[in-house]
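Structure assessment
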Amino acid sequence: MTATEERPATEVGTPRKRKEDARLITGRTRWTDNIVLPGMQHLAMVRSPFAHARITSIDTEAAKAASGVVAVITGADIADEQGALPNAWAVIPDQKAPVHPSMAVDHVAFAGEIVAMVVARTAAEANDAADLVDVDYDELEPALELKAAARDEVLAHPDLGTNVSAVWSYDSAESGTGGDVEAAIAAARDGGVLIEREFRQQRLIPAFMEPRSIVVDPTTEQMTVWSSTQVPHFVKIFIALVLGIAESKIRVIAPDVGGGFGGKLQFTPEEVLTVIAARRTGKPCKYSETRSESLMAAHHGRDQWQQLTLAANADGTVTGLKVELTADMGAYLGLVTSAIPLLGAFMYNGIYKFPAYHLGITNVFTNKTWTDAYRGAGRPEATYAIERLMDELAARVGVDALEIRERNWIKHEEFPFATVSGLRYDSGNYEAATAKARELFRYDELRKEQVQRRESGDPVQLGIGISTFTEMCGLAPSRWLGSMGYVGGGWEHAAVRMLPTGKVEVVTGTSPHGQGHETAWSQLVADRLGVPFEDVEVLHGDTQVAVRGLDTYGSRSLAVGGMAVLAAADKVVEKAKPIAAQLLEANADDLEFTAGRYGVRGTDAGMTMAELAFAVFQGHKLDGSAEGCLDADATLDPEDFSFPHGTHLCAVEVDTETGGTTIRSYVCVDDVGVVVNPLIVEGQVHGGLAQGIAQALYEEAVHDEGGTLVTGSFDQYLVPGAPDLPAFETARTETPATTNQLGVKGVGEAGTIASTPAVVNAIVDALRPLGVTDVQMPCTPYRVWKAIQEAAQEGAQQKEVRS
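Residues numbered from 1 in each chain as written. Predicted model: local features only at pLDDT ≥ 70, side-chain atom pairs only at ≥ 80, totals over all residues. Heavy atoms only, no water.

With that out of the way, let us pick up the overall build of the protein chain. Helix and strand content of the protein chain: 21 helices and 28 strands. The C-alpha radius of gyration computed for the protein chain amounts to 28 Å, which stays within 12% of the reference 28 Å derived for 803 residues, consistent with globular compactness. Expressed as lengths along the three principal axes of its C-alpha atoms, the size of the protein chain is roughly 100 × 75 × 50 Å. The 803 residues of the protein chain split such that 61% are buried. When the accessible surface of the protein chain is summed, it comes to about 29,300 Å², and 50% of that surface belongs to carbon and sulfur atoms. Treating the 68 positive side-chain charges of the protein chain as one cloud and the 109 negative ones as another, the clouds have centres 3 Å apart. (Helix = DSSP H or I, 4+ residues; strand = E, 2+ residues; numbered from the N terminus. Rg over C-alpha atoms; globule rule 2.2 N^0.38 Å. Buried < 20%, exposed > 50% of the residue type's maximum accessible area, 1.4 Å probe, protein only. Areas by Shrake-Rupley, 256 points an atom, 1.4 Å probe, with all protein chains shown as cover. Lys, Arg positive; Asp, Glu negative; His and termini not counted. Charge placed at Lys NZ, Arg CZ, Asp CG, Glu CD.)

This is the structure:
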């Protein structure tokens, strides 16, 4: 009946190797681009080379005459058919936004926007013909620089009349969660400490391994769409809404997906256009983007200016925080573009007890690729700001950077804690995580070495960076999302099916793309039902199989989706109880369920879950008093977010003569609540660290003065490889969440959120004796060297003035 007769050990907490990896690393999986269907046609997109222009004419005759070409489609051809791409999160009721077409009709708003599409028998023929499409443009001045765009100096969309999409604010005094920040700032000016800084969050590009790909088969009764996406359920409903196709006639499949990091949390122009091409030609169509197209036209992330004011007493006790954000939306609003700054708005206070807080957000359009979710989405920006400020505060007060944090953070006995931004942190122990990190890092020894290097005038200085962070995970509950203007919900759905042979199928609405849900969900169910780990099969990513779901993003999968799986498994156990009582001829109250077996107390009589499943399949001995089915569904909408936290410590060596930076050691101690699979958590942390460090040192999307992306390949857009990164030393503390039954919190974004400020703080710490107080990211050798030179010049000028 089962793969093994041995009762499995407790699965939660066991470092199982991922069951999905066998097919991934042996080439047995099938990515979207591997799909080949009879009569399939291929698409190539013609994209605007200009960031801002009017289309004056498009000549498609040469392309139509090319070998293998089936059709050439322009925006004018589908103007009445293509609808508009959705924005699902209006942060204010009168938010301004241009119509977002999948294919431009007469106006292009960023370089890379699609202006025509070629359908051909082969991909090569489609690409060759795309080069023959002749588009004439009337070039317009682009709005590129964010601050200038906020002043409406040049309009990204002249018809809109302004570049400002929305202005949103939160004030603790008005909301009743704290005091008046202006009063705190005024008090700080009179004998306290006032720190004013401006930080730049550079534009980043989600560099997933598998570029986006779509295949649409219109030849069956139900149109089938394969897409390399994080959100198959979103894609299904938006195909229906945008193109007017009955939702019941659409099936979306996300097969194995090669990474996303938020970059595939989108309903894309290419998905719409591939559906249109398939519908028009009546044949299967495929579009697979090139890496250059992905970097240029798939959505970008971050891109903000942060104006920050921190007020504190003379002893370093924080009294107020004021944040003014200017956020680049790019040319259009994607699914949640407008809400990315909002997702960080509640986290700028971090783990600290600010009594007063004000945040203002200005969302601005420019003529660049639109921005949207990128790993952490809003929270990395917030953590960067507050952790950089806390280092500045320590320097001003003249105390150790860890000590200033401890003076101000929430003590473990103060949980649950109502924050100044209106959230309720349910649990945490910042002292424990920091103490462990400090010991592993050998903090005191490194500080001594730092002093020695400074005193000896060593050209290679040692810097120590700190980031004690928290984040809000598990994007939910639905009522909170609704109150903030989001049109969707935050619930998740799961089903558990008991098969006659005792095997188990778990159907989840989450849609993994590298997170290891097949393994982790199997561990959850194996424990709950008392069945072998190997006997659990997890099904996902197909809207015909997982009919209900809200997919995977925002570190929500375990805290929301995993808990829905547990709830469904609990229902299976409850449904099995009266059936077991009937078959065992016992009173249900005399039964106990232990390790997958219903037993009658005080006797040896009992039945395993597998035996019950087969008995239900037969139905021979059931009298109809209980439902003859053990399968169960559950929809779970959590009460609140979860709040993982951690302490990250980074030591860097900075060559003050060249600006070169080397990470010498990196220690992180994360508290992500109860851990289901330590091996998966370790992998998530490592990947997150790589991405956060990459923002600090390497990655930046750069446009020229015309708005063309000049970092449009991996030659120019630097993504670190393993040789560029240090060996990470990781550890955990565990403070269970109180908002879900297992006590989990979420780990998907922790490394990314925490590591960026840790690295930059370390660099600034190394250079602070030289007068450097900031280095703009990415901290390239040139920027570090330039900061040193500018600080030296400023110091010399001040010395000259004093003399």
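Right, picking up where we left off after that structure.
Looking now at the domain arrangement of the protein chain. Splitting the protein chain by domain gives domain 1 (20–28 + 491–636) and domain 2 (426–473 + 642–802). Here the C-alpha centroids of domain 1 and domain 2 sit 42 Å apart. Contact with domain 1, which involves 15 residues of that partner, is made by 14 residues of domain 2. When domain 1 packs against domain 2, the two sides together hide about 1,100 Å² of surface, and 60% of this comes from carbon and sulfur. On the surface where domain 1 and domain 2 come into contact, there are zero salt bridges. Inspection of the region where domain 1 meets domain 2 yields four residue pairs in polar contact (both at pLDDT 80 or more). Where the side of domain 1 that touches domain 2 is concerned, the elements lending two or more residues are helix H16 (517–529) and helix H17 (557–584). Taken together, the residues that form the side of domain 1 that touches domain 2 break down as seven nonpolar, six polar and two charged. (Domains from an automatic or database assignment. Contact = heavy atoms within 4.5 Å. Buried area = accessible area lost by both parts, 1.4 Å probe. Salt bridge = Lys/Arg side-chain N within 4 Å of Asp/Glu carboxyl O. Polar contact = N/O pair within 3.5 Å; in protein donor to acceptor, adjacent residues only side chain to side chain. Nonpolar A, V, L, I, M, F, W, Y, C, P; charged D, E, K, R; others polar.)

Strand order in the open sheet made by the five strands is S7-S15-S14-S13-S8, with mixed pairing throughout. Of all strands in the sheet, those with a lone pairing partner are strand S7 (164–171) and strand S8 (193–204), marking the two edges. Taken pair by pair, the neighbouring strands of this sheet meet at an average axis angle of 10°, ignoring direction. With 11 bridges connecting them, S8 and strand S13 (residues 301–312) associate as antiparallel partners. Along S13, the bridge assignment pairs Glu-196 with Thr-309. In the packing of helix H11 (residues 379–397) onto the sheet, the strands contacted are S8, S13 and strand S14 (318–330), and the crossing angle to S8 comes to about 145°. (Pairing = 2+ DSSP bridges. Axes fitted to C-alpha atoms, helices over the stretch in contact; angles between N-to-C directions.)

Further remarks concern the packing of H17 against helix H18 (residues 609–618). In the contact formed by H17 and H18, the axes pass within 10 Å of each other and the chain directions differ by 75°. Comparing the axis directions of H17 and H18 gives the class roughly perpendicular. Touching Val-572, Val-573, Ala-576, Ile-579, Ala-580 and Leu-583 of H17 are Met-609, Leu-612, Ala-615 and Val-616, all from H18. For the contact of H17 with H18, the residue count by class is 10 nonpolar, no polar and no charged. (Parallel < 35°, antiparallel > 145°, perpendicular 65-115°, else oblique.)

Running from N to C, helix H7 (residues 232–243) and helix H8 (residues 269–281) cross one another at 65°; their axes reach a closest spacing of 11 Å. H8 is crossed by H7, and the crossing has right-handed handedness. Contacts between H7 and H8 pair Val-235, Ile-239 and Leu-243 from the former with Glu-271, Val-272, Val-275, Ile-276 and Arg-279 from the latter. In the contact of H7 with H8, the residues fall into six nonpolar, no polar and two charged. (Left-handed = near helix turned anticlockwise from the far one by under 90°.)

This paragraph deals with the pairing of strand S26 (residues 645–655). Most of S26 is tucked away: nine of the 11 residues are buried. Where strand S18 (residues 460–470) meets S26, 11 bridges bridge the pair, whose relative direction is antiparallel. Bridge pairing in S26 places Phe-469 opposite Gly-646. Here S26 pairs with strand S27 (residues 661–671) via 10 bridges, running antiparallel. Bridge pairing in S27 links Val-652 to Ile-663. Counted along the chain from S26 to the antiparallel partner S27, the turn is five residues long, and its residue Gly-659 has a positive phi close to 85°.

Attention now moves to the confidence of the model for the protein chain. Across the protein chain, the average pLDDT comes to 96, with 99% of residues at or above 70. Confidence drops under pLDDT 50 across residues 1–5; counting only partners more than four residues distant or on other chains, this segment forms 13 contacts. (pLDDT = per-residue confidence, 0-100.)

What follows deals with the sheet that holds strand S22 (residues 591–594). The strands making up a sheet associate through hydrogen bonds between their backbones, and the pairing can be parallel or antiparallel. Pairing in this open sheet of three strands is antiparallel, and the strands run S22-S23-S24 from one edge to the other. Two strands bound the open sheet, and with one partner strand each, they are S22 and strand S24 (606–608). Geometrically, the sheet is characterised by an average inter-axis angle of 15° between neighbouring strands, direction not taken into account. Relative to S24, strand S23 (residues 597–600) runs antiparallel, the two being bridged by three bridges. Bridged to Arg-597 within S24 is Thr-608. Each of S22, S23 and S24 touches H17; the most contacted strand, S23, lies at about 45° to it.

The next subject is the environment of Arg-453. Tracing the sequence through the fold places Arg-453 in helix H14 (residues 443–456). Among the residues examined, Arg-453 registers a relative accessible area of 13% and is labelled buried. Leaving out residues up to four positions away in the same chain, Arg-453 has contacts with Asp-458, Val-460, Gln-461, Leu-462, Glu-653 and Arg-664. A polar contact is formed between the side chain of Arg-453 and the side chain of Glu-653, at a distance of 2.6 Å.

A separate point is unusual backbone geometry. With an omega of -5°, the peptide bond running from Phe-415 to Pro-416 counts as cis. Note on placement: Pro-416 falls in the loop between helix H12 (401–408) and strand S16 (417–418). If you check the backbone angles, Ala-377 has positive phi at about 45° while not being a glycine. Following the sequence through the fold, Ala-377 ends up in the loop between strand S15 (357–365) and H11. According to the relative accessible area criterion, Ala-377 is buried, its value standing at 7%. A positive phi angle, close to 75°, is found at Asp-551, a residue other than glycine. Following the sequence through the fold, Asp-551 ends up in the loop between strand S21 (536–539) and H17. Overall, Asp-551 belongs to the buried group, its relative accessible area being 0%.

Before going further, it helps to spend a moment on the nonpolar core. Of all hydrophobic cores here, the largest spans 147 residues; its most connected members are Trp-89, Trp-168, Leu-310, Tyr-348, Tyr-666 and Ile-763. Two domains each put at least three residues into this core: domain 1 (20–28 + 491–636) and domain 2 (426–473 + 642–802). Sequence-distant contacts of Ile-763, that is, excluding residues within four places in its chain, are made with Val-652, Val-654, Thr-661, Leu-697, Val-775, Cys-779 and Val-784. Among the nonpolar cores identified, the runner-up in size contains 46 residues, and Met-498, Leu-612, Ala-626 and Val-676 belong to it. (Core = buried A, V, L, I, M, F, W, Y, C linked by side-chain atoms within 4.5 Å.)

Look at the UniProt record and you will see "domain: Aldehyde oxidase/xanthine dehydrogenase a/b hammerhead" (unreviewed entry) annotated at residues 26–141. Taken end to end, residues 26–141 has its terminal C-alpha atoms 51 Å apart, with 10% of it in helix and 30% in strand. (UniProt positions renumbered as here; feature names shortened; annotations may be inferred.)

Tracing the backbone through its elements, the reader meets Asp-328 in strand S14. Exposure remark for Asp-328: the relative accessible area of 1% places this residue in the buried category. Once residues within four sequence positions are removed from consideration, Asp-328 is found in contact with Leu-146, Arg-203, Arg-302, Asp-303, Val-364, Thr-366, Lys-368 and Thr-371.

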